[in-house]
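Residue-level structural notes
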Amino acid sequence: MKNLLAVLFIGLMSFSVSAQDKVAKIEFKETTIDYGTIEKGANGVRTFEFTNTGDAPLIVSKVSSSCGCTVPKKPEDPIMPGMTGEIEVKYDTNRVMPIRKTITVLSNAETPTVALKIKGEVIDPSKTSVLEKKGKSVMEQ
């Protein structure tokens, strides 16, 4: 009886270890998106593309931003092994300022937390500096 229990115990342990061998892996095409210099009110939507390079379904459980001016959108369905997915990020381009934001991705991947970054600068073309106006005549201003 003891031998039978020992064999069952070892069998269950080996089964649970082999079940843990399959793991999802998230691999991003790029982890930083540079908006460059964009005008106020321009399209602020960008996309981070990723691939599940593991051998288990990838589930993105949460995507959050370091600021309310950046709204990320996660995929709703699991990403199967070898398939690609997208995380859409929308930045509020009505804010005239430099862009330096972090998007945190939580998933069941081997590396469960990934930090993505967006950068750039939003400018208002209707507001030019005094130096730019200096070279113009009064009629041109």
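So, here's what we can say about the structure. Treat the numbers as computed from the prediction; the structure is a model and nothing was measured.

Reading guide: rules and limits
Each residue is numbered by its place in its chain's sequence as written, counting from 1. Reporting in this predicted model follows two pLDDT cut-offs: at least 70 for local features of residues, and 80 or more for side-chain atom pairs to be given and counted; totals over whole chains, interfaces and linings ignore these cut-offs and use all residues. Calculated side-chain values reflect all of the structure's heavy atoms, with hydrogen atoms and water omitted. Only DSSP runs of H or I with at least four residues qualify as helices, and only runs of E with at least two residues qualify as strands; both kinds are numbered from the N terminus onward. Accessible area is worked out with a 1.4 Å probe on protein chains only. A residue is then buried under 20% of its type maximum, exposed over 50%, and partly exposed in between. The rule for pairing is simple: two strands pair if DSSP sees at least two bridges between them. Where helices are involved, their axes are fitted lines through C-alpha atoms of the stretch in contact, as for all axes, and angles between N-to-C directions lie from 0 to 180°. In this tally, Asp and Glu contribute negative charge and Lys and Arg positive charge; neither His nor the terminal groups of the chain are included. By convention in these notes, a salt bridge is any Lys or Arg side-chain nitrogen within 4 Å of a carboxyl oxygen on Asp or Glu. Under the rule applied, a polar contact is a pair of N or O atoms within 3.5 Å (in protein, one hydrogen donor and one hydrogen acceptor; residues adjacent in sequence only if both atoms are side-chain atoms). Contacts between residues were defined by any pair of non-hydrogen atoms, one from each residue, lying within 4.5 Å.

1. Examining the overall build of the protein chain
Counting secondary structure elements, the protein chain contains two helices and eight strands. Each helix and strand of the protein chain, placed in order from N terminus to C terminus, yields the pattern α-β-β-β-β-β-β-β-β-α. Of all 141 residues assigned to the protein chain, the portion counted as buried reaches 26%.

2. So, the sheet that holds strand β1 (residues 26–28)
The four strands are arranged β1-β3-β6-β5 in an open sheet whose pairing can be described as antiparallel. Lying at the two open borders of the sheet, with one neighbouring strand each, are β1 and β5 (70–73). Going across the sheet, the axis of each strand differs from the next one's by a mean of 30°, ignoring polarity. Examined bridge by bridge, β5 and strand β6 (residues 84–91) share four bridges and lie antiparallel to one another. Bridging across to β6, P72 finds its partner in V89.

3. A word on the side chain of D124
Its location among the elements puts D124 in the loop between β8 (113–123) and α2 (130–134). Buried and unpaired, D124 has no salt bridge, with K40 as the nearest side chain of opposite charge at 4.3 Å. Polar contacts involving the side chain of D124 include one to the side chain of S126, which spans 2.8 Å. Those residues in contact with D124 that sit more than four places away from it in its chain are K40 and V96.

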